[in-house]
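# Examination of the molecular architecture
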Amino acid sequence: MRAFQLAGGRDWGRVEFRLDASGVPLLIDITPNSYLAPSAPCVLAAKEAGLSYAAFLGLIIDGALGRAQG
């Protein structure tokens with residue numbers, strides 16, 4: 001989350017890391033608007049964490065609305 005915030009990301013996005021041969025994490029990519037279809041990896045991860053698709057999208061929307069009203 002910190003990398004996303006430092007890059008100016010707000011509300012929703014994806015930060016991609018890889019580990020080098022020594023196990024050191026390397027920042028590869030920061031995507032501010034990631035894929036949100038029901039089959040997207042982040043949606044499937046949210047489902048594994050117990051969130052429905054609607055609840056997951058609701059969290060993203062509520063965050064954006066809260067910032068906009070804030």
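### Some details on a nonpolar patch on the surface
Taken together, Val-24, Leu-26 and Ile-28 make up a surface patch of nonpolar side chains, about 240 Å² in accessible area. Mapped onto the secondary structure, Leu-26 falls in strand β2 (residues 25–31). For Leu-26, a relative accessible area of 39% corresponds to the partly exposed category.

### Let's talk about the environment of Gly-50
As for its placement among the helices and strands, Gly-50 is situated in the loop between α2 (41–48) and α3 (53–69). Take Gly-50: its relative accessible area is 65%, and that puts it in the exposed class. Sequence separation between Gly-50 and Ala-40 is 10 residues; the distance between their C-alpha atoms is 16 Å.

### What to know about the pattern of salt bridges
Tallying each qualifying case throughout the model produces three salt bridges. For the salt bridge of Arg-14 with Glu-16, the shortest nitrogen-to-oxygen distance reads 3.6 Å. Residues Arg-18 and Glu-16 are paired through a salt bridge, measuring 2.7 Å at the closest nitrogen-oxygen approach. Arg-18 gets classed as partly exposed once you look at its relative accessible area, which sits at 46%. Connected through shared salt-bridge partners, Arg-14, Glu-16, Arg-18 and Asp-29 make up one network.

The rules behind each value
Residues numbered from 1 in each chain as written. Predicted model: local features only at pLDDT ≥ 70, side-chain atom pairs only at ≥ 80, totals over all residues. Heavy atoms only, no water. Patch = residues over 30% accessible without salt bridge, like charges linked within 9 Å, V, L, I, M, F, W, Y side chains within 5 Å. Areas by Shrake-Rupley, 256 points an atom, 1.4 Å probe, with all protein chains shown as cover. Salt bridge = Lys/Arg side-chain N within 4 Å of Asp/Glu carboxyl O. Helix = DSSP H or I, 4+ residues; strand = E, 2+ residues; numbered from the N terminus. Buried < 20%, exposed > 50% of the residue type's maximum accessible area, 1.4 Å probe, protein only.

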